[in-house]
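# Descriptive structure summary
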Amino acid sequence: QVQLVESGGGLVQPGGSLRLSCAASGSSFSFYDMGWYRQAPGKQRELVATLSRGGVTYYVDSVKGRFAVSRDKALKTVYLQMNSLKFEDMAVYYCILMSGGRLIPGVSSWGQGTQVTVSS
């Protein structure tokens, strides 16, 4: 199983930016697609963005034009650059490996995530 550790969250003002990191260990994460999810208090976890192994990206409508996902193969790290942050972006963010748009529990499971707090 691939181990993933999220980091980079914190407190930011509305309109500010953060870059989240997802570091991988174990089997190479480059074998798989990568998904970013988030879960706000009292709400269901939702898919935010994906990056396929071939470099194709997907973003949920609410973050299009503001968020960007990327990958550094040498560092075995994926990133979620978040710009123009809004109150509704406040959530715990998780990264997870995917394949063909599907979760693969036998390969990657939910970690602790990283908290993004947007406050004025």
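Up top is the structure these notes are about.
Okay, so let's go over this structure. (Residues numbered from 1 in each chain as written. Predicted model: local features only at pLDDT ≥ 70, side-chain atom pairs only at ≥ 80, totals over all residues. Heavy atoms only, no water.)

## A word on the state of the cysteines
Cut-off, in case you're wondering: A pair of cysteine sulfur atoms is labelled a disulfide when the two atoms are within 2.5 Å. Here a strand is any run of E in DSSP of at least two residues, a helix any run of H or I of at least four, and the numbering for each starts at the N terminus. Exposed residues in this analysis have more than 50% of their type's maximum accessible area, buried residues have under 20%, and partly exposed residues fall in between, with area computed by a 1.4 Å probe over protein chains only.
With the rule as written, the count across this model stands at one disulfide. Covalent S-S linkage joins cysteine 22 and cysteine 95, the inter-sulfur distance amounting to 1.9 Å. Between cysteine 22 and cysteine 95, the disulfide has an S-S torsion of 75° and is therefore right-handed. Here cysteine 95 lies in strand β9 (residues 91–99) and cysteine 22 lies in strand β3 (residues 18–25), a separation of 73 residues in the sequence. One exposure class covers both cysteine 22 and cysteine 95, and it is buried.

## A look at the environment of valine 118
Among the secondary structure elements, valine 118 is positioned in strand β11 (residues 114–118). Since its relative accessible area comes to 3%, valine 118 is described here as buried. Once the C-alpha coordinates of valine 118 and lysine 86 are considered, the two residues, 32 residues apart in sequence, prove to be 6.7 Å apart.

## Thoughts on the nonpolar core
Applicable threshold: Joining through side-chain atoms within 4.5 Å is the link that ties buried Ala, Val, Leu, Ile, Met, Phe, Trp, Tyr and Cys residues into a set, and such a set is a nonpolar core. Here, residues are in contact when the closest pair of their heavy atoms is within 4.5 Å.
Among the nonpolar cores identified, the biggest contains 32 residues, and Trp36, Phe67, Leu80, Met82, Tyr93 and Leu97 are the most heavily contacted of them. Secondary structure elements with two or more residues in this core: β3, β4 (33–39), β5 (46–51), β7 (67–72), β8 (77–82), β9 and β11. Contacts of leucine 97, omitting those with residues within four sequence positions, involve Val2, Leu4, Phe29, Tyr32, Asp33, Met34, Leu103, Ile104, Val107 and Ser108.

## Things to note about the pattern of salt bridges
For clarity, the threshold we go by: Salt bridges are defined as contacts in which a side-chain nitrogen from Lys or Arg sits within 4 Å of a carboxyl oxygen from Asp or Glu.
Applying the stated criterion across every chain yields a total of five salt bridges. Between arginine 53 and aspartate 33 there is a salt bridge, with the nearest N and O atoms lying 3.7 Å from each other. One end of the pair, arginine 53, is in the loop between β5 and β6 (57–59); the other, aspartate 33, is in strand β4, with 20 residues separating them in the sequence. Here aspartate 33 falls in the buried class, since its relative accessible area comes to 12%. Salt-bridge contacts for arginine 66 lead to aspartate 89; the nearest nitrogen and oxygen are separated by 2.7 Å.

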